[in-house]
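# Analysis of the macromolecular model
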Amino acid sequence: MGDYSKALEFYEKAHQIKEKALPPNHPDLAISYNNIGLAYNNIGDYSKALEFYQKAHKIRGKALPPNHPHLATSYNNIGQVYNAMGDYSKALEFYQKSHQIYEKALPPNHPDLAISYNNIGQVYKNMGDYLKALEFYERSHKIREKALPPNHRSLATSYSNIGQVYNNMGDYSNALEFYEKSHKIREKALPPNHPDLATSYNNIGQVYNNMGDYSKALEFYEKSLKIFENALPPNHPNLAGSYNNIGGVYNDMGDYSEALEFYEKSHKIYEKALPPNHPDLAISYNNIGLAYNNMGDYSKALEFYEKSHKILEKALPPNHPSLATSYNNIGGVYNDMGDYSKALEFYEKALKIREEALPPNHPDLAISYNNIRLAYNNMGDYSKALEFSDKSNKIRKTALPPNHPSLASSYNNIGQVYFNMGDYSKALEYSKKNFEITKQVLPENHPDLTFPYNWFGKIYRSIKNYPKALENFEKCVAILKKGLPEKHPNQAVTYSNIGDVHRLMGNYEKALAFHQKALNIQENVQDNPLECALTYINLGETYREMKDYSTALTYFEKGLEIREKKLPKNHPDLAVVYHNMAKLYLATRKYSMAMKNIQQALEIAQEKLPSTHPHLLEYKETFEKIRKKM
């Protein structure tokens, strides 16, 4: 029922009786310690869980012969705690000890051997070794097929685990196939409101979410929620998990206020059902932080990410991979705030943990290298950015199948660095590599297909091939219209890009129309205000080129007001607006105002950007033009 503190209370009452009634090494005392360990494990108090599992093991070690299956169960439970603590090598060691006993003590097709293979597979999955995980899950499945009737629940679990590995490998069609096999068995074997059916719907929803079919994902997550609501008490952690998943879909759909609502529902349950330092509460704070970050409320995002981190620091060992994820998320906020050195500091903390805790080709290490790449890219240190892009890409090529979406993302990131370096032919080459994978693994209207089209648009715009740029940006719009709600924030960004191309082509009326379309979305949905600020600034540039300086100034000031509120005072994006305003004042012969703005732009750029950054060079050029006029 998920009421772990109540469970613990009764397990301890049982234990007190057994302690009085039985000799100190009686096997029933081991069962008692084991149950208490299980409750602590579910509560998230892993050190306590380990303590009680080890007490159980000590008794079994004395009372039972060395190959007794109960000793294997003991090793298995200890392995499970190490797995939860992120110590995968220890987990593997204990699971293998357990497995060795089962191999000696049991016939080759015994269901407990299948559980053993399954547990070893789970550790390999957590270590990012998906092929090994698949190998052990399939061994487990073979035994279950021989030993069990065709509609046994354990076969459903087997199919589900294999589906999960395919999902992690980015092979969504295979993932869906195995999850549906699992679901068919559960439909036949279980009553219609059984929680395992809800888990099944949840898994299918997850694949649809990864495939970008958000309406389907929502449909399955809501089916799952309905069962949990009927089958479980109102404060059960599984209900919180359900609300969390629905929040995740709304987040991916860009409906951040709706996402926040579901994340907060989830959090309320976790607060009632779990002790204050349970890792699931940390996940809950993390999700709320994510919604605030996407809404552009960075101080709120940071507040919730730090709450999450505090819990994880108390609940987990110092090198647990979840702590790395936490540092990574905090780094992401600092990155969005334009404090790139702070972002880098947190990204490097995350990398340090992952390097110690994970095998050298784990996909999470690639994520870490990629984040460091992002920080260097934003700082304008493109050679460093390229170095970390290559490191990330090297791991993904080794660890993942050749058509994995993360590999496509890797090529996209390398292309982005070349784009910022002004090497547009290289940028185009990597964007094409990204596109080749993306179009193979994702359905034709998946929102992630907009990324390569968007980069094609940007590259063609930079090489002044405006018809090609327009063609690609319009493909983005077509996909977004089919795959996302009508007023999704990504639609607005694309409209703004199309408007910018029309400006460069001298089609000012069309440029204004598209920028206005962008604003109609951005001013009427809860979105990151910084996206709206960018549209105001693009509008300002359009009016400046049209020589409508008063309207241009109005839009520049609107954009500047948002950026000054939301960003640190030395953020490079503020320098961009000051530079635009300096050019406007130069054109209207207000040279002292022009000088004031260009000096502000230069001050930020000299502090935050390297000396070779293109923006800094452009600001210096504008400064010289103004100086000559004064």
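Up top you'll find the structure we're talking about.
Here the structure is a predicted model, which is why all the values come from computation and not from measurement.

This part is about the overall build of the protein chain. If you tally the helices and strands in the protein chain, you get 30 helices and zero strands. By the compact-globule yardstick of 25 Å for 630 residues, the protein chain fits well, its C-alpha radius of gyration being 28 Å. C-alpha extents for the protein chain along the principal axes are approximately 95 × 45 × 40 Å. Relative to its full complement of 630 residues, the protein chain shows a buried share of 55%. Here the analysis covers contacts within the protein chain between residues at least 6 apart in sequence; of these, 58% occur between residues at least 24 apart. Counting only carbon and sulfur atoms, one obtains 49% of the accessible surface of the protein chain, whose full area is about 27,800 Å². Seen as two clouds, the 75 positive and the 70 negative side-chain charges of the protein chain have centres 2 Å apart.

On to the packing of aromatic side chains, then. The geometry of two aromatic rings is summed up by the distance between their centres and the angle between their planes. This model, assessed by the stated rule, comprises 27 aromatic pairs. Between Tyr292 and Phe304, the ring centres sit 5.7 Å apart and the planes meet at 20°, which makes this aromatic pair stacked. With Tyr292 in helix H14 (residues 279-294) and Phe304 in helix H15 (residues 298-315), this pair connects stretches of sequence that are twelve residues apart. By relative accessible area, Phe304 is classed as buried at 11%. In this structure an aromatic cluster arises from ring pairing among Tyr33, Tyr40 and Phe52. Sitting over the ring of Phe94, Lys97 keeps its end group 4.9 Å from the ring centre.

Let us look at the pattern of salt bridges. Scanning the model with the defined rule gives 23 salt bridges in all. One salt-bridge network, in which partners are shared between bridges, spans Arg461, Asp500, Arg503 and Glu545.

Here we take up the packing of H15 against helix H16 (residues 321-336). For the pair H15 and H16, interaxial distance at closest approach is 10 Å and the crossing angle is 165°. Classified by the angle their axes make, H15 and H16 are roughly antiparallel. As H15 packs across H16, the resulting crossing turns out to be left-handed. Residues Tyr298, Ala301, Leu302, Tyr305, Glu306, His309, Leu312 and Glu313 of H15 form the contact with H16, whose participating residues are Ser322, Leu323, Ser326, Tyr327, Asn329, Ile330, Val333, Tyr334 and Asp336. Class assignment of the residues belonging to the contact of H15 with H16 gives a composition of ten nonpolar, four polar and three charged.

Turning our eyes to something else, we now look at the side chain of Asn202. With respect to the helices and strands, the residue Asn202 is situated in helix H10 (residues 195-210). Given the relative accessible area of 18%, Asn202 is considered buried. Beyond its immediate sequence surroundings of up to four residues, Asn202 is in contact with Tyr221, Ser224 and Asn245.

In this model helix H21 (residues 424-441) runs 26 Å from its N-terminal to its C-terminal C-alpha over 18 residues, within 8% of the 26 Å that 1.5 Å per residue would give. Looking at the buried side of H21, the elements it contacts are helix H9 (172-189), helix H20 (405-420) and helix H22 (450-462).

Rules used throughout
Residues numbered from 1 in each chain as written. Predicted model: local features only at pLDDT ≥ 70, side-chain atom pairs only at ≥ 80, totals over all residues. Heavy atoms only, no water. Helix = DSSP H or I, 4+ residues; strand = E, 2+ residues; numbered from the N terminus. Rg over C-alpha atoms; globule rule 2.2 N^0.38 Å. Buried < 20%, exposed > 50% of the residue type's maximum accessible area, 1.4 Å probe, protein only. Contact = heavy atoms within 4.5 Å. Areas by Shrake-Rupley, 256 points an atom, 1.4 Å probe, with all protein chains shown as cover. Lys, Arg positive; Asp, Glu negative; His and termini not counted. Charge placed at Lys NZ, Arg CZ, Asp CG, Glu CD. Phe/Tyr/Trp six-rings, centres within 6.5 Å; stacked < 30°, edge-to-face > 60°. Lys NZ or Arg CZ within 6 Å of the ring centre and 35° of its normal. Salt bridge = Lys/Arg side-chain N within 4 Å of Asp/Glu carboxyl O. Axes fitted to C-alpha atoms, helices over the stretch in contact; angles between N-to-C directions. Parallel < 35°, antiparallel > 145°, perpendicular 65-115°, else oblique. Left-handed = near helix turned anticlockwise from the far one by under 90°. Nonpolar A, V, L, I, M, F, W, Y, C, P; charged D, E, K, R; others polar. Expected span 1.5 Å × (residues − 1).

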